[in-house]
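# Examination of the molecular architecture
Each chain is listed here by its residues.
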Amino acid sequence: MMSIAAARALTGGRRCFVGIGLPSTAANLARRTHAPDLVLVYESGALGAKPGRLPASIGDGILAETADAVVSVPEVFNYWLQPGRIDVGFLGAAQLDRFGNINTTVIGADYHEPKVRLPGAGGAPEIAASCGEVFVVVRQSRRSFVEQVDFVTSVGHGRAAGDRERLGLRGAGPTLVITDLGVFRPDPETRELVLTELHPGVEVEQVREATGWDLGVAPDLARTPAPTKDELRALRALKEA
């Protein structure tokens, strides 16, 4: 459901900065179904990749073999990402707070002696800062959906509306958060994440119980359409290839 919901949000002709895992699954599913003109950009330097199967990593040779061009990693960031040439960036998160700030660095108040040290930032801060908009895909629980992240790895909407502009960040930040329970979007006034869609079989109370803050719910709360047979067929084919 997460992969399909994320794929539906992508439209043809857009340039999408893709990470491995659910983001790659969603982007490749979109390209195989309703968005064949979606341009996939991978951090390793593959521009316009068209893999016939899901890549195992950003260094998987199938990305270079099927790309329109292959450039160096510094070129991807300096000439494509930072100047604002990427429309959508996909990110995951260990922690996500009410304003869409992302933590993939440490769990715990003490940076030097954390409870858990995570893989770190990679290119995520640049993606969050410079893409036209950011989609976040994360499994939801009170451990991942927190009042305030323990460490801001990638800035979402800061602490209030206007913080991105004040910090000089180019992109719009997280415009869509997709979890295994539903879909969230930032309130246009406060920039706080609001529940806008429930996935099939999920109720509002379940989402609130899995959220570490007093969650707002959109007055026009919708239901995510169930996966179609064609979407499921394409997803299974992609995973089995």
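Residues numbered from 1 in each chain as written. Predicted model: local features only at pLDDT ≥ 70, side-chain atom pairs only at ≥ 80, totals over all residues. Heavy atoms only, no water.

Attention shifts here to the pattern of salt bridges. Enumeration over the complete set of coordinates arrives at twelve salt bridges. Its salt-bridge partner being aspartate 60, residue arginine 53 comes within 2.9 Å of it at the nearest N-O pair. Note on arginine 53: relative accessible area 29%, which makes it partly exposed. With relative accessibility at 13%, the residue aspartate 60 sits in the buried group. Here arginine 223 ties to glutamate 203 by a salt bridge, and the two come within 3.1 Å at their closest N and O atoms. Of this pair, arginine 223 sits in strand 15 (residues 216-223) while glutamate 203 sits in the loop between strand 14 (193-198) and helix 7 (204-209), and the two are 20 residues apart along the sequence. For arginine 223, a relative accessible area of 41% puts it in the partly exposed group. (Salt bridge = Lys/Arg side-chain N within 4 Å of Asp/Glu carboxyl O. Buried < 20%, exposed > 50% of the residue type's maximum accessible area, 1.4 Å probe, protein only. Helix = DSSP H or I, 4+ residues; strand = E, 2+ residues; numbered from the N terminus.)

Here we come to helix 8 (residues 229-240). With twelve residues, helix 8 extends 16 Å between its outermost C-alpha atoms, agreeing within 8% with the 16 Å of an ideal straight helix rising 1.5 Å per residue. The complete set of buried residues in helix 8 reads Glu231, Ala234, Leu235 and Leu238. Buried residues along helix 8 cover an arc of 100 degrees about the axis, so they all sit on one side. The outward face of helix 8, more than 90 degrees from its buried face, is lined by the exposed residues Lys229, Arg233, Arg236 and Glu240. (Expected span 1.5 Å × (residues − 1). Arc of directions from axis to C-beta.)

Below, the discussion takes up the nonpolar core. Counting 31 residues, the largest nonpolar core has Leu10, Cys16, Leu29, Leu38, Tyr42, Phe90 and Ile178 as the members making the most contacts within it. With five residues, helix 1 (residues 2-8) is the largest single contributor of residues to this core. Excluding anything up to four places from it in sequence, leucine 10 contacts Cys16, Ala26, Ala27, Ala30, His34, Ala35, Leu38, Val88, Phe90 and Phe135. If you look at the next biggest cluster of nonpolar residues, it comprises 30 residues, including Ile127, Val138, Leu195 and Leu215. (Core = buried A, V, L, I, M, F, W, Y, C linked by side-chain atoms within 4.5 Å. Contact = heavy atoms within 4.5 Å.)

Strand order in the open sheet formed by three strands is 7-6-11, and the pairing between neighbours is mixed. The two strands at the open ends of the sheet, each matched to only one other strand, are strand 7 (102-103) and strand 11 (145-146). Direction of pairing for strand 6 (residues 95-97) relative to strand 11: parallel, over a ladder of two bridges. Bridge pairing links leucine 96 to phenylalanine 145 in strand 11. (Pairing = 2+ DSSP bridges.)

Attention now moves to the packing of aromatic side chains. Enumeration over the complete set of coordinates arrives at five aromatic pairs. Every member of this aromatic cluster is reached through a ring pair, and the members are Phe145, Phe184 and Trp213. Cation over ring: arginine 117 sits above tyrosine 111, and NZ or CZ is 5.0 Å from the ring centre. (Phe/Tyr/Trp six-rings, centres within 6.5 Å; stacked < 30°, edge-to-face > 60°. Lys NZ or Arg CZ within 6 Å of the ring centre and 35° of its normal.)

Quick look at the pairing of strand 5 (residues 88-91) now. The alternating pattern of strand 5 places Val88 and Phe90 and Gly89 and Leu91 on opposite faces, both of which are buried. Here strand 1 (residues 15-18) pairs with strand 5 via two bridges, running parallel. Each residue of the ladder has a partner; that of phenylalanine 17, found in strand 5, is glycine 89. In this sheet, strand 10 (residues 133-137) lies alongside strand 5 in parallel orientation, the contact comprising four bridges. Residue pairing for strand 10: valine 88 is matched across the bridge by glutamate 133.

In this section: helix 4 (residues 73-81). Residues of helix 4 that are buried include every one of Val76, Phe77 and Leu81, and no others. Down the axis of helix 4, the smallest arc covering the buried residues is 90 degrees, so these residues share one side. Considering only its buried residues, helix 4 is in contact with strand 1, strand 2 (39-42) and helix 5 (124-130).

Let us now look at the pairing of strand 13 (residues 182-186). Of all the five residues making up strand 13, four are buried; the element is thus mostly covered by neighbouring parts of the structure. Bridge analysis of strand 12 (residues 174-178) against strand 13 gives two bridges, and the strand direction is antiparallel. Its bridge partner being in strand 13, valine 177 is matched across the sheet by phenylalanine 184. Here strand 12 hands over to strand 13 after three residues, the two strands then running antiparallel side by side. With five bridges connecting them, strand 13 and strand 14 associate as antiparallel partners. In the sheet register, phenylalanine 184 faces strand 14, and the bridge partner there is leucine 195.

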